[in-house]
Structure formats: C-alpha cells, structure tokens
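# A structural walkthrough
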Amino acid sequence: LTPEGPEVFRWQTPYEEASPEFTPPQGNRSLGDTYLSVTPWEKGLVYDLALPWSELAPIAPGIGTRMGLYIILFNNDGNGLVDTLHWPRPIEGMWLIPRKWGVLTLTR
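Residues numbered from 1 in each chain as written. Predicted model: local features only at pLDDT ≥ 70, side-chain atom pairs only at ≥ 80, totals over all residues. Heavy atoms only, no water.

This part is about the overall build of the protein chain. Regarding its fold elements, the protein chain presents 0 helices and 8 strands. Of the regular secondary structure in the protein chain, the N- to C-terminal order runs β-β-β-β-β-β-β-β. Taken along the three principal axes of its C-alpha coordinates, the protein chain extends 45 × 30 × 30 Å. The contacts of the protein chain with a sequence gap of at least 6 include a subset with a gap of at least 24, amounting to 37%. For the protein chain, the distance from the average position of its 8 positive side-chain charges to the average position of its 12 negative side-chain charges is 12 Å. (Helix = DSSP H or I, 4+ residues; strand = E, 2+ residues; numbered from the N terminus. Contact = heavy atoms within 4.5 Å. Lys, Arg positive; Asp, Glu negative; His and termini not counted. Charge placed at Lys NZ, Arg CZ, Asp CG, Glu CD.)

Okay, the confidence of the model for the protein chain next. On average, residues of the protein chain carry a pLDDT of 84, and 98% of them reach 70 or more. Strand E6 (residues 71–76) is the least confidently modelled element of the protein chain, averaging 80 in pLDDT, while strand E2 (residues 29–32) averages 91, the highest of any element. (pLDDT = per-residue confidence, 0-100.)

Quick look at a nonpolar patch on the surface now. Residues Phe-9, Trp-11, Trp-95 and Leu-96 make up a contiguous nonpolar surface patch of about 460 Å² in total accessible area. With respect to the helices, strands and loops of the structure, Leu-96 is situated in the loop between strand E7 (81–87) and strand E8 (102–105). Judged by relative accessible area, Leu-96 falls into the exposed class, the value being 57%. (Patch = residues over 30% accessible without salt bridge, like charges linked within 9 Å, V, L, I, M, F, W, Y side chains within 5 Å. Areas by Shrake-Rupley, 256 points an atom, 1.4 Å probe, with all protein chains shown as cover. Salt bridge = Lys/Arg side-chain N within 4 Å of Asp/Glu carboxyl O. Buried < 20%, exposed > 50% of the residue type's maximum accessible area, 1.4 Å probe, protein only.)

Another point: unusual backbone geometry. In terms of backbone geometry, most residues other than glycine have negative phi values and most peptide bonds are trans. In this structure, the amide linkage connecting Trp-87 to the following residue, Pro-88, adopts the cis form with an omega of -5°. Residue placement: Pro-88 occurs in the loop between E7 and E8. The phi dihedral of Asn-28 falls on the positive side, at around 50°, and the residue is not glycine. Note on placement: Asn-28 falls in the loop between strand E1 (8–10) and E2.

Our focus in this paragraph is the pattern of salt bridges. Following the criterion strictly, the structure yields 1 salt bridge and no others. A salt bridge links Arg-10 to Glu-55; its shortest N-O distance comes to 2.6 Å. Pair noted here: Arg-10 is in strand E1 and Glu-55 is in the loop between strand E4 (44–49) and strand E5 (66–69), with a separation of 45 residues, a long-range link.

Across 6 bridges, strand E3 (residues 36–41) lies against E4 in antiparallel orientation. In the strand pairing of E4, Trp-41 is matched with Gly-44. The hairpin formed by E3 and E4 contains 2 residues between the paired strands. (Pairing = 2+ DSSP bridges.)

Let us look at the side chain of Thr-13. By secondary structure assignment, the location of Thr-13 is in the loop between E1 and E2. A distance of 2.7 Å separates a polar atom in the side chain of Thr-13 from the backbone oxygen of Pro-25. Not counting chain neighbours up to four residues away, the residues in contact with Thr-13 comprise Pro-24, Pro-25, Gln-26 and Gly-27. (Polar contact = N/O pair within 3.5 Å; in protein donor to acceptor, adjacent residues only side chain to side chain.)

Turning next to the environment of Ser-37. Turning to its location among the elements, Ser-37 is positioned in strand E3. The exposure class of Ser-37 is partly exposed, given its relative accessible area of 33%. Residues Ser-37 and Gly-5 lie 32 residues apart in sequence; the distance between their C-alpha atoms is 8.9 Å. Once residues within four sequence positions are removed from consideration, Ser-37 is found in contact with Val-46, Tyr-47 and Asp-48.

Next comes the structure, spelled out in structure tokens:
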C-alpha cells in the first residue's frame, strides 16, 4: 500500500523460458492496483490479490496443481521501510531455495 494506493510490482520474470509460443512479461514493472484491493476493517487491513494466470505464465494449472510459494510483504508507510512479513518463516536467503517454500495446491 503506497501513499498513492495499492501497488503490485513484478520484480522477476522467466526470461529463460522464452519460446516462439511464450513471450515473458516485462520484469521490474509496477502493475499498479490492477490486481490488488485493500479494504480497512476494525483490526487492520485486508489485502485481496487476484493475479491472472497470464502473470504466472507459462504455467498451465489445473485442479490438483501444486506449486511452491514464498511471500515477502514490505511495509512502507511512505517514509521508507518499516518492516517485512515473510511466509513461510524468514530465513536469510530462503526465497532462493524453492524446496523450503510453502506449497500451494489448487482446489478449484
């Protein structure tokens, strides 16, 4: 959440998977609030992120598909970094080691 509103940022992209059938999306690019909404409630904020599969390409998911997931949320109040939230637990460099990530299984 920035002073201008919600923001999703695409940092990395799978350039090494480029092929005649797949052109990777541009990396290091703000997606603005296209896929993210933030709603206040009595205990804080609710973040609702709805990324289309095209942002996760070249994956072709189906029910039962499993994938690694590691999330880092940066808390910046507009005056610089306040803190970060990691899932799963924060271990230095863990985001570089997929076998230590959480596992997401698609159910619908």
